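Per-entry structural report
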Amino acid sequence: SMVMADVRTPFEFPAVVNEKAARAVAGLVVLVAAVALLTGWLWLSAVLAVGFALRVASGPRFDPFGQLATKVIAPRLGEPVLVPGPPKRFAQAIGLVLTLVATGFLVAGLPVVTTALLGILLVFATLESAFGFCAGCYAFGLLMRAGLVPEETCAACNDISLRQRQPAGV
């Protein structure tokens, strides 16, 4: 039935996401990365890694940043701007790898590498949050065009209608 088609398993990334919520999550990542770098609390890279892991697994559903962004911040930013989910998931996966590696270097006693990686994360999260440029999404698009990511991975990516503003509830 049509109703069943809309039910997602708990661990499934949304096919379509609100760009405004994604940018809000990126802004929260910027805040935490900046706090880590300014205070020397580099262990926050592990906190960031957990958030990225939760978002990769199931989008905003179980992630505090995702919940804050989708339920509190994004609704105050006006109508949703819907974009394909798979490139955003890919970008979150890059954030996960970056923060896991950063945490690994911290544990290994090389905080200078952790600091550098958090600096890189800060730059890319700022690009998304402040300017709407998702570097991971851009990389995903290049991989699709190169044939390294199958077309069916993101049917929505080629659907230009998803790039238009859509009324709430669509």
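A brief look at the structure comes next. Bear in mind the structure is a predicted one, so any value in this text is a computation, not a measurement.

1. Some words on the packing of helix H3 (residues 44-58) against helix H6 (residues 111-131)
- Taken N-terminus to C-terminus, the directions of H3 and H6 make an angle of 45°; their axes are 12 Å apart at the nearest point. Here H3 is positioned oblique relative to H6, judged by the angle of their axes. Judged by the sense of rotation from one axis to the other, the crossing of H3 with H6 is left-handed. Between H3 and H6, the residues in contact are Ser45, Leu48 and Phe52 and Thr114, Leu118 and Leu121, respectively.
- Of the residues that constitute the contact of H3 with H6, the class distribution is four nonpolar, two polar and no charged.

2. A look at the side chain of Thr103
- Within the secondary structure, Thr103 is located in helix H5 (residues 85-107).
- Under the relative-accessibility criterion, Thr103 is labelled buried at 16%.
- A distance of 2.8 Å separates a polar side-chain atom of Thr103 from the backbone oxygen of Thr99.
- Beyond its immediate chain neighbours, meaning those up to four positions away, Thr103 contacts Ser45 and Ala46.

Criteria and thresholds
Residue numbering note: each chain is counted from 1, following its sequence as written. The model is predicted, so local features are restricted to residues of pLDDT at least 70 and side-chain atom pairs to those at 80 or more, both for listing and for counting; the totals for chains, interfaces and linings are taken over all residues. Hydrogen atoms and water are omitted, and side-chain values are computed over all heavy atoms in the structure. Each axis is a line fitted through C-alpha atoms, and for a helix only the stretch in contact is used; angles between axes span 0 to 180 degrees, taken between their N-to-C directions. Under the scheme used here, helices are H or I runs from DSSP no shorter than 4 residues and strands are E runs no shorter than 2 residues, and both carry numbers assigned from the N terminus. What sets the label is the angle itself: under 35 degrees gives roughly parallel, over 145 gives roughly antiparallel, 65 to 115 gives roughly perpendicular, and the rest give oblique. We call a crossing left-handed when the near helix sits turned anticlockwise from the far one by less than a right angle, and right-handed when that turn is clockwise. Contacts are assigned to residue pairs with any non-hydrogen atoms lying within 4.5 Å of each other. Under the scheme applied here, ten amino acids are nonpolar (Ala, Val, Leu, Ile, Met, Phe, Trp, Tyr, Cys and Pro), four are charged (Asp, Glu, Lys and Arg), and all others, including Gly, are polar. Burial classification: accessible surface area is computed with a 1.4 Å probe over protein chains only, and a residue below 20% of its type maximum counts as buried, one above 50% as exposed, and the rest as partly exposed. Whenever two N or O atoms come within 3.5 Å, that pair is a polar contact, provided that in protein one can donate a hydrogen and the other can accept it, and provided that, for residues adjacent in sequence, both atoms are side-chain atoms.

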